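This is what each chain is made of:
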Amino acid sequence: MVKIAPYGTWTSPIGAADVATFGGGPQWASLAGGQAWWAEARPAEGGRLALCRAAPGAPAREVLGAPWNARNRVHEYGGTPWALIGNHLVFTHWDDQRWYGVDPDGTGEPTPLSPVPQRRHGWRYADAAGSPDGTELWCVRETVTGDRPTDIRRDLVAIPLDGTAADNPAAIRTLGAGHHFLTGPKPSPDGRRVAWLGWDHPAMPWDGTDLCVADIDADGTFGPHRVVAGGATEAVCQHAWDGPDTLVALTDPDGWWNLYRIDVTDGTAVNLAPVAADLGGPLWRLGARWFTPLGDGRYAVLRGGRLGVLADGTITDVPVELPVWHAGLSAADGTVLGIAGGPRHADVVVRLDLATGTLDALTPRPDLPDPAYLPTPVARTFPDPQGRPVPAYLYLPSNPDHAAPEGELPPLVVYVHGGPTASFEPYFVPAIAFFASRGFAVVVVNYGGSTGYGRAFRERLRHQWGVVDVADCAAVAEALAAEGTVDGDRMTIRGGSAGGWTSAASLTSIRTYRCGTVMFPILDPEGWTGQGGQTHDFESRYLEGLIGVLPQDADRYARVSPARHADRLAGPVLMLQGLDDQICPPVQADRFIAGLAGSGIPHAYLTFEGEQHGFRRADTIEAALAAELSFYGQVFGFTTPGVPALQLRR
């Protein structure tokens, strides 16, 4: 029997603990040595990344168990943490950031390959490939050179696989540098050349990168590199060898990330399938793969998160049960390996036989609730204040056990993606299902600056962060209220990292929302620059493109800073912060909340020991989500059964 109850008060089988359980899942999947390999997040084990594999016809199994944690800190977001080089399985371990080797069968204890740094995490490594002779791993190394977060040097290095460098740093060979930021070196099939990406401050990798190629000398060192694609206003985001003299690369000289074949002898480039669509994406983590060669001039590609095959100048979508794929494609012998999911399917590692269309899940599909409790996203487009289109995904309340009183409209959660140079695709998001099954409407906005819509859309945010993102999210929320889909008096905004910035900037500059949840945010942009010393090297000059260059643009920084305008808060705020966050350190949230003491504005501040940027631990995820639900209930005036009451201060 359907129970009539106000929106927000509905009971749901999707609890905060369930969201924490669903918060794990696979990443870094690849085919190697005829087998599927991947890392798997374990929220119940403190967010540890385990390494797993599955041989053809055999069940998946864990190769790297506790306490080993296959993560690294390169760029603080991490890069590919493992590789199979011949008979050597190598991985980076979070606790000391060293490379280790272990038998691919998982037998025996891992042994260190790289040395102990003089300071904790003083050397970090990622994105490895094997040397042409198979005796070394080639990778990116970050070296901490001082006490400031920006005191980082990067090199391409060669580390012997026989373990001789574990106690002898001098055994590591420096292969090259040339740029402040680098991806791992990839040798050509014949071992004569090597290719990598490089870029320099103030560019981010989606602004402009160089595709570099160098000859490999007889002694294994690199000759001078030459740039065969990319530049200051062209961003190569992925490349792969397609022969001894040819690379294929995702790059955007015409404003869209398309796939090009590049002759490295003369630099000529041919677009293999010109389309007004992004086949690539932002290189936040080293090792992301939006395409993979299939042989015979064919390539598996991603277009809007959907899998396709590029051949003979066209892209053909591949119909599969799981429609949303992540940037981690690999292929061999007519099969494609990746991580895929959908609005009602949690991410799993899948192997697709392109000849038969057979899709096999290599990891167990999580036991999700009845689909009736899972909302279906509806793609919508709304005009921004200038009349330009803003894409969004709308989720309406979904619960077969409940209905709202006649005439009541649901409260709205505006869910802001991070980045901000990122985007949202309609994969399964447990937190959205948590709210929608309780009677909330949720909308995720791909505001100006999001990826997937070409460079021009991406650059709408240039020098407009805290303006365009705020206006686009508000335009979507206000349009939904005006059309009678949601209750315009009960709208909230929530987001983490850059999404936390947009949430805080919205609450301190407009009156669209009654309240907001701000997670591990940027709040004082001037302090978050390299000059301010409050963030890491990778993003330390990001704001020069998003806001402006200091000191000449100091007024613009001040105008959009939530920290400068806490007195303008539109309503109550919930702040959530990890205490070990190296990207958005807690100092900014601490100061913001301290400034609210005695203000009369209801607020709460929850901090979490051991959490870095983004929440990985099951207990953190559960506590944060329960607090958020209680917070909305108190502000919007309804009870929230099943969660403890959050104490609000004034």
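Preceding this section is the structure that the text describes.
Residues numbered from 1 in each chain as written. Predicted model: local features only at pLDDT ≥ 70, side-chain atom pairs only at ≥ 80, totals over all residues. Heavy atoms only, no water.

S.K.: Which parts of the structure should I look at to understand unusual backbone geometry?
M.R.: A negative phi angle is the norm for most residues apart from glycine, just as the trans form is the norm for most peptide bonds. Cis geometry is adopted by the peptide bond preceding Pro 202, which originates at His 201 and carries an omega value of 5 degrees. Following the sequence through the fold, Pro 202 ends up in the loop between strand S16 (193–199) and strand S17 (210–215). In this structure, Pro 551 follows Leu 550 across a cis peptide bond, with omega equal to 5 degrees. Note that Pro 551 resides in the loop between helix H7 (543–546) and helix H8 (554–560). (Helix = DSSP H or I, 4+ residues; strand = E, 2+ residues; numbered from the N terminus.)

S.K.: Explanation requested: helix H10 (residues 618–636) in the structure shown.
M.R.: Residues that lie three or four places apart on an α-helix share one face, since the helix turns once every 3.6 residues. End to end, H10 covers 27 Å across 19 residues, agreeing with the expected 27 Å (1.5 Å per residue, within 8%). Of all 19 residues that make up H10, 14 are buried, and the element is covered over most of its length. At the C-terminal side of H10, Gly 637 shows a positive phi close to 85 degrees. (Expected span 1.5 Å × (residues − 1). Buried < 20%, exposed > 50% of the residue type's maximum accessible area, 1.4 Å probe, protein only.)

S.K.: How should the nonpolar core be read in this particular structure?
M.R.: Soluble globular proteins tend to bury their nonpolar side chains together. Trp 325 and Val 414 are the most contacted members of the largest nonpolar core, which totals 119 residues. For this core, the element with the highest residue contribution is helix H4 (residues 468–482), accounting for 7 residues. Leaving out residues up to four positions away in the same chain, Trp 325 has contacts with Leu 302, Gly 305, Leu 307, Val 320, Val 336, Gly 338, Ile 339, Ala 340, Val 350, Leu 352 and Leu 359. Among the nonpolar cores identified, the runner-up in size contains 45 residues, and Phe 424, Ile 621, Ala 624 and Tyr 632 belong to it. (Core = buried A, V, L, I, M, F, W, Y, C linked by side-chain atoms within 4.5 Å. Contact = heavy atoms within 4.5 Å.)

S.K.: Looking at this structure, how should I read the pattern of salt bridges?
M.R.: Two side chains carrying opposite charge are able to pair once their charged atoms lie near each other. Counted according to the given criterion, the structure contains 34 salt bridges. Asp 215 is the partner of Arg 193 in a salt bridge, and the nearest nitrogen-oxygen pair spans 3.8 Å. With a gap of 22 residues between them, Arg 193 in strand S16 and Asp 215 in strand S17 connect regions that are remote in the sequence. Between Arg 458 and Asp 252 there is a salt bridge, with the nearest N and O atoms lying 3.1 Å from each other. With a gap of 206 residues between them, Arg 458 in helix H3 (residues 455–458) and Asp 252 in the loop between strand S20 (246–251) and strand S21 (258–263) connect regions that are remote in the sequence. (Salt bridge = Lys/Arg side-chain N within 4 Å of Asp/Glu carboxyl O.)

S.K.: I'm lost on the packing of aromatic side chains in this one. Help?
M.R.: Aromatic rings in a pair are described by how distant their centres are and how their planes are angled relative to each other. One pass over the full model with this rule turns up 29 aromatic pairs. Both rings, one in Trp 37 and one in Trp 82, keep their centres 5.9 Å apart while their planes meet at 35 degrees; by these two values the pair is tilted. Of this pair, Trp 37 sits in strand S3 (residues 35–42) while Trp 82 sits in strand S6 (residues 82–85), placing them 45 residues apart in sequence. Residue class for Trp 37 comes out buried when judged on its relative accessible area of 1%. A ring pair is formed by Tyr 453 and Phe 457, whose centres lie 5.0 Å apart and whose planes are at 50 degrees; its orientation type is tilted. These aromatic residues form a ring-pair network of at least three members: Tyr 77, Phe 181, Trp 199, Trp 206, Trp 284, Phe 538 and Tyr 542. Directly above the aromatic system of Trp 94 lies the positively charged group of Arg 71, at a separation of 4.0 Å from the ring centroid. Between Arg 458 and the ring centre of Trp 257, over which it is positioned, the NZ or CZ distance is 4.2 Å. (Phe/Tyr/Trp six-rings, centres within 6.5 Å; stacked < 30°, edge-to-face > 60°. Lys NZ or Arg CZ within 6 Å of the ring centre and 35° of its normal.)

S.K.: What am I meant to see in the sheet that holds strand S37 (residues 491–496) here?
M.R.: In any sheet, the strands associate via hydrogen bonds between backbone groups, in a parallel or an antiparallel arrangement. Reading across from one edge, S32-S33-S36-S35-S37-S38-S39-S40 is the order of the 8 strands in this open sheet, with mixed pairing throughout. Every other strand in the sheet has two partners, leaving strand S32 (378–383) and strand S40 (603–608) as the edge strands with one partner each. Within this sheet the neighbouring strands show an average axis-to-axis angle of 20 degrees, counted without direction. Pairing geometry for strand S39 (residues 573–578) and S40, over 6 bridges, is parallel. Across the sheet, Leu 574 pairs through a bridge with Ala 604, a residue of S40. In the packing of helix H5 (residues 498–507) onto the sheet, the strands contacted are strand S35 (412–416), S37, strand S38 (515–519) and S39, and the crossing angle to S37 comes to about 145 degrees. (Pairing = 2+ DSSP bridges. Axes fitted to C-alpha atoms, helices over the stretch in contact; angles between N-to-C directions.)

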